[in-house]
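Tertiary structure, described
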Amino acid sequence: MTKTIAVVNKKGGIGKTTSTISIGAALRELGHKVLLIDFDSQANMTRSLYRMPVQKTVGDFLLNRSSFKETLIKTSVNLDILPATDELSDAEDDIAKDKIESAIYLVNALEDVDLSGYDFILIDCPPALGTLTINALIYSDYYVVPVQADFYSIEGVTQLVDKATKVKKRLNPDLTLLGVFLTRFNTNTNKHLHKQVYAKLKSDLEDLLLTTTIRENIALAEAVPHSQDIFTFDSHSNGASDYLSLTKELLQRIK
């Protein structure tokens, strides 16, 4: 049965998109078929994997302007994607105007789509707790929270988890937090600070803090101009090693 994981953080620039792509690629490396959904109007995930002009977007799909088949892009790295462009923000505004069903557009759009060919769906959420993020949380089975290793980044984690808990209570009782993980972690140049951040999160989150941390790795950024994920670009890099370990840890928590 297809499992859906939302990758969520209301703060930008913390490696959310990189994590979505890299977890998806790690799942592919482990033999799973993966669909990516780009819910961020910055469209960084789409541009990271596909450089041709996008004809139909996930916004069109949500608003019933295009079919799933018309919207779907099959990338060169064997990761399928429902793409975004900067026009997704306009689609989100249109969805938000629907006061009755604004939170379940993704549920409705995918209701009659045969997703049995996918083992996992990963949703790259926008850096806000707005309409599209709520749609993602309502549709998903699980969510994960990447956090950059600084105290400014971790301040919003509790608020995010509280918001997701309300969604779970009211709209999606099956929603489960798989865990929180640290990105851009460096115990060499920022050894003291990053250990403090890890200790703070461990105290607050206990077992919800994942053991795997994602180290600073230039190869993760270098893969983007090549429209490749980290495993396709450099499977022997620290980035590939860390995201493979993280993904295996997540799989151990999935029912």
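Use the structure listed above.
This structure is a prediction, so every number in the text was calculated from the model and none was measured. (Residues numbered from 1 in each chain as written. Predicted model: local features only at pLDDT ≥ 70, side-chain atom pairs only at ≥ 80, totals over all residues. Heavy atoms only, no water.)

1. A few points about the overall build of the protein
Filter applied, for reference: Counting from the N terminus, the helices are DSSP H or I runs at least four residues long and the strands are E runs at least two residues long. Both definitions apply: the radius of gyration is a C-alpha atom measure, and the globule rule equals 2.2 Å times residues to the power 0.38. Here's how the labels work: a residue is buried when its accessible area is under 20% of the maximum for its type, exposed when over 50%, partly exposed in between, all with a 1.4 Å probe on protein chains only.
Along the backbone of the protein there are 13 helices and seven strands. Taken over the C-alpha trace, the protein has a radius of gyration of 17 Å; the compact-globule value for 255 residues is 18 Å, and the two agree within 12%. Principal axes of the C-alpha set define a box for the protein whose edges measure 50 × 40 × 30 Å. Counting all 255 residues of the protein, 54% fall into the buried class.

2. Regarding the nonpolar core
The following threshold applies: Only buried residues count toward a nonpolar core. Its members are Ala, Val, Leu, Ile, Met, Phe, Trp, Tyr and Cys residues joined through side-chain atoms within 4.5 Å.
Ranked by internal contacts, the top residues of the largest apolar core, which has 51 residues, are Leu35, Phe39, Leu62, Phe68 and Tyr143. Core analysis: the second largest hydrophobic core is formed by 32 residues, Ala26, Ile214, Ile230 and Phe231 among them.

3. Regarding the pairing of strand β6 (residues 142-148)
Consecutive side chains along a regular strand alternate between the two faces of the sheet. Note the cut-off: Criterion used throughout: strands pair if DSSP finds at least two bridges between them.
Within β6, six of the seven residues are buried, which leaves it mostly tucked inside the rest of the structure. Where strand β1 (residues 3-7) meets β6, three bridges bridge the pair, whose relative direction is parallel. Bridged to Ala6 within β6 is Tyr143. Taken together, the seven bridges between β6 and strand β7 (residues 176-183) define a ladder with parallel strand orientation. Across the sheet, residue Tyr143 finds its bridge partner in β7, namely Leu177.

4. Comments concerning the side chain of Thr57
Here is the rule: A contact between two residues is defined here by any heavy atoms of the two lying within 4.5 Å.
One can find Thr57 in the loop between α2 (44-49) and α3 (58-62). Relative accessible area serves as the criterion here: at 9%, Thr57 is assigned to the buried category. Here Thr57 is in contact with Ser66, Thr71, Pro83, Ala84 and Thr85, once residues within four sequence places are set aside.

5. Here we look at the packing of aromatic side chains
Under the convention used in this document: We call Phe, Tyr and Trp rings a pair once their centres come within 6.5 Å, taking the six-membered ring for Trp, and we label the pair stacked below 30 degrees between planes, edge-to-face above 60, and tilted otherwise.
Tallied over the entire structure, the rule returns one aromatic pair. A ring pair is formed by Phe61 and Phe68, whose centres lie 5.9 Å apart and whose planes are at 65°; its orientation type is edge-to-face. As far as the burial class goes, Phe61 and Phe68 line up, both buried.

6. Re helix α1 (residues 16-29)
For clarity, the threshold we go by: Here a helix's expected span is defined as the number of its residues, less one, multiplied by 1.5 Å.
Between its terminal C-alpha atoms α1 stretches 20 Å, which fits the 20 Å expected from 14 residues at 1.5 Å a residue. Counting buried positions along α1 yields twelve of 14 residues, so the element is predominantly enclosed. Every buried residue of α1 is listed here: Lys16, Thr17, Ser19, Thr20, Ile21, Ser22, Ile23, Gly24, Ala25, Ala26, Leu27 and Arg28. In the stretch just after α1, Gly31 is the one whose phi turns positive, near 95°.

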